[in-house]
Amino acid sequence: MEIIIKSDYSEVSSDSAMIVANQIIAKPNTVLGLATGSTPLGLYKELIQLHLNEGLDFSNVITFNLDEYVGLSNDHPQSYNVFMRDNLFSKINIKKENIYIPNGNAPHDKECERYESLINRSGGIDLQILGIGSDGHIAFNEPSSSLGSRTRLKTLTQETVKDNARFFDNISDVPRFAITMGVGTIMEAKKILLIASGVSKTTPIRKAIEGPISSMCSASAIQMHPKTIVMVDEAAAKDLKEKDYYKWVYNNKKTLKN
Ligand code: PGA
């Protein structure tokens, strides 16, 4: 894993956006895996600026979102459909027909199969963006999720429901189920970029990077992925045992630079 420690959220946002932008420039028909939540908001803002000011072109980009709640209409303000529309898609030149988000209202078995086959038909995800939950989840792969799991219906833990309650009027309004890509689905992405910021991510980041690979922290599966970048700020990196080592990079003068 390439572990990059930045000073704060704003640096994580701008530097992770550069990774995504370079991927799109290198392959204009990139298949991007996208995440929701607070963490990628800064990255999406940066991508919008790169589109508006530098002409970053999304016209051939294809996107697959990680997950969607079950039981919210597509136009519900807290649905991930609306989140993605408001925070990214309506502000860039992506084609509607190139956007894929699981349908949380369709019969779930068929929908999960359909979603997996759409990903396969697109040629697979080139770059998957991930956040991490306070319980160590990636997408909605809650503790005990099989590390080989595919897209499926998942019950949300009490911790995730509590974390996500901040977006709803009442905790009882938070859906208890979601359709989510599986850990196995995510691991098939050609590259992974996991971003995290703030003290609430200190423990899950420590477990994901330096803990044992375990279904109790589905993010730890990225240790098995050959091309993963983890970009975190100092607060999220606080408890990493090898934090100082990760800061050393091999520069083009063939010397180590901290
Ligand atoms: P957050 O959520 O970015 O809102 O902290 C991350 C996640 O649950 O995956």
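Further up the page is the structure itself.
The following refers to the structure shown. (Residues numbered from 1 in each chain as written. Predicted model: local features only at pLDDT ≥ 70, side-chain atom pairs only at ≥ 80, totals over all residues. Heavy atoms only, no water.)

Quick look at the packing of helix 2 (residues 40-54) against helix 3 (residues 80-87)
Then, in step 1: Where helix 2 meets helix 3, the axes come as close as 10 Å, and the angle between the chain directions of the two elements is 40°. Comparing the axis directions of helix 2 and helix 3 gives the class oblique. Of the residues in helix 3, those touching helix 2 at L41, Y44 and I48 are F83, M84 and N87.
Then, in step 2: Split by residue class, the contact of helix 2 with helix 3 holds five nonpolar, one polar and no charged. (Axes fitted to C-alpha atoms, helices over the stretch in contact; angles between N-to-C directions. Helix = DSSP H or I, 4+ residues; strand = E, 2+ residues; numbered from the N terminus. Parallel < 35°, antiparallel > 145°, perpendicular 65-115°, else oblique. Contact = heavy atoms within 4.5 Å. Nonpolar A, V, L, I, M, F, W, Y, C, P; charged D, E, K, R; others polar.)

Let's talk about the side chain of S197
Then, in step 1: Counting through the fold element by element, S197 comes out in the loop between strand 9 (191-196) and helix 7 (202-210).
Then, in step 2: On the accessibility criterion, S197 (17% relative accessible area) is buried.
Then, in step 3: Within polar-contact distance, the side chain of S197 engages the side chain of D233 at 2.8 Å.
Then, in step 4: Filtering out sequence-adjacent residues up to four positions away, S197 remains in contact with Y9, D233 and A236. (Buried < 20%, exposed > 50% of the residue type's maximum accessible area, 1.4 Å probe, protein only. Polar contact = N/O pair within 3.5 Å; in protein donor to acceptor, adjacent residues only side chain to side chain.)

Structural notes on the site of the ligand
Then, in step 1: The full set of residues close to the ligand is G37, S38, T39, G131, I132, G133, H137, R166 and K201.
Then, in step 2: Contacts to the ligand include T39, whose side-chain N or O atom sits 2.5 Å from an oxygen atom.
Then, in step 3: Within the side chain of R166, an N or O atom sits 3.0 Å from an oxygen atom of the ligand.
Then, in step 4: For the ligand, whose unbound accessible area comes to 280 Å², protein coverage reaches 82%. (Near = heavy atom within 4 Å. Areas by Shrake-Rupley, 256 points an atom, 1.4 Å probe, with all protein chains shown as cover.)

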